[in-house]
Amino acid sequence: MSVYDCTRTETRDAGIDAAAGALSRGRLVVMPTDTVYGIAAAAFDPEAVAALLAAKGRGRQHPPPVLVPAPTTLAGLATDVPDSVHALVEAFWPGPLTVICRAQPTLAWDLGDTGGTVALRMPDDEVALALLTKTGPLAVSSANRHGGPAATTVLEAATALGDRVEVYLDGGPSRGGVHSTIVDATGTPPRIVRAGALSREELAAVVPDIEGGAEGP
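Trainee: Explain the packing of aromatic side chains here, please?
Mentor: Any pair of aromatic rings gets described here by the distance separating the centres and the angle formed by the planes. All chains considered together, the criterion is met by 1 aromatic pair. Measuring from ring centre to ring centre gives 5.1 Å for F44 and W109, while their planes differ by 20°; the resulting arrangement is stacked. Of this pair, F44 sits in the loop between β3 (38-42) and α2 (46-56) while W109 sits in the loop between β6 (97-103) and β7 (117-121), and the two are 65 residues apart along the sequence. F44 sits in the partly exposed class, given a relative accessible area of 38%. Its relative accessible area of 16% is what places W109 among the buried residues.

Have a look at this one:
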C-alpha cells in the first residue's frame, strides 16, 4: 500500500495518478472528501465494488453511494429525476448532499441490492474532484469497517482498512467530519432518510415540502 501527501502540490498529482491507475486495475483507494474519508472503487467494475463491500465488512444489502465529478453526470446515471432534485443539486452541489434517484436501467454496473436506485453526490473537495475528473463516477463509502467510526484522517482510515486498500490519498484532517445528508427522491415529496451536515431547515428553504429530518442543524 502507498500513501501520498495531497496537501503538497508536488506530491498531489503523483498521488492522483497512482490512485487513478489503481482504480483502473480494480483496486481500492482511500480519498478525502468534504465530509469524511471515503474508500473508493470503480463504479462500473462489479468485482471492485464487491471488494469494497468486503473491505468494509458489509454485504450487498448496503450498496455504496456513487460520487460524481459534475452535476451534469446526474443525467447519465439517473432517470426520471424530479425538479426537486435539480433544485437541491443546484443549491448544494458540490457539497454534503446525497440524493437517491432511479438509476438508468441500461447501466452495466452492479452496486449491490439497490432496488433500481442509485445514491449520488458531488463532493466539495479539490483532491476528490481531481480524481473523479480522471476516473469518472466512483463507488465510495466511508473509509471504516462496518459499525466503526468514520475516518476523519488518513491514519484512521489506514488503521481500519490496512492493506485492503492499495493507495491512500492524504488530504489532511476532514473539514466536515459529519456524513452527508441523504435525501430519497424516488417518491413524492422527497424525504430525508439520513440526517447529516445539511439540516432540514436548509433543505426546506429550497424544497419546502421535503419530509423527515430535524428542523435545526
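From this point, things continue past the structure.
Trainee: Explanation requested: the environment of R8 in the structure shown.
Mentor: Its location among the elements puts R8 in the loop between β1 (2-5) and α1 (9-24). A distance of 3.0 Å separates polar atoms of two side chains, one belonging to R8 and the other to E10.

Trainee: Explain α1 here, please?
Mentor: One full turn of an α-helix is made of 3.6 residues, so residues set three or four places apart face in the same direction. For α1, spanning 16 residues, the distance from its first C-alpha to its last is 23 Å, which sits close to the expected 22 Å at 1.5 Å a residue. If you check which residues of α1 are buried, you get G15, I16, A19, A20, G21, A22 and L23. Next to the buried residues of α1 lie β1, β2 (29-31), β3, α5 (126-135), β8 (138-142) and β9 (167-170). Phi turns positive, to about 85°, at G26, one or two residues after α1.

Trainee: Would you take a moment to explain the pairing of β8 for this structure?
Mentor: The two faces of a sheet get side chains in turn, since along a regular strand they alternate between them. Counted residue by residue, β8 has 5 buried out of 5 residues, so it is predominantly covered. The pairing of β3 with β8 spans 5 bridges and is classified as antiparallel. Bridge pairing in β8 links A42 to L138. Pairing between strand β4 (residues 66-67) and β8: 2 bridges, direction antiparallel. Bridging from a neighbouring strand, V66 pairs with A139 of β8.

Calculation rules
- In every chain, residue numbers begin from 1 and rise along the written sequence.
- Restriction of local features to residues with pLDDT of at least 70 applies here, the model being predicted, together with a cutoff of 80 or more for giving and counting side-chain atom pairs; totals for whole chains, interfaces and linings are based on all residues.
- Hydrogens and water are ignored here; the side-chain numbers use all heavy atoms of the structure.
- Only centres within 6.5 Å qualify two rings of Phe, Tyr or Trp (six-membered ring in Trp) as a pair; their planes then separate them into stacked at under 30 degrees, edge-to-face at over 60, and tilted for everything else.
- Helix numbers and strand numbers start at the N terminus; a helix is a DSSP run of H or I with at least 4 residues, a strand a run of E with at least 2.
- Residue exposure (1.4 Å probe, protein chains only): buried if accessible area is under 20% of the type maximum, exposed if over 50%, otherwise partly exposed.
- Here a polar contact is recorded for every N or O atom pair within 3.5 Å, except that within protein the pair must consist of a potential hydrogen donor and a potential acceptor, and residues adjacent in sequence are included only if both atoms are side-chain atoms.
- Under the convention used throughout, the expected extent of a helix is 1.5 Å for every residue step, that is, one less than its residue count.
- When checking whether two residues touch, look at their non-hydrogen atoms; a contact exists if any pair is within 4.5 Å.
- Here, strands pair whenever DSSP counts at least two bridges between them.

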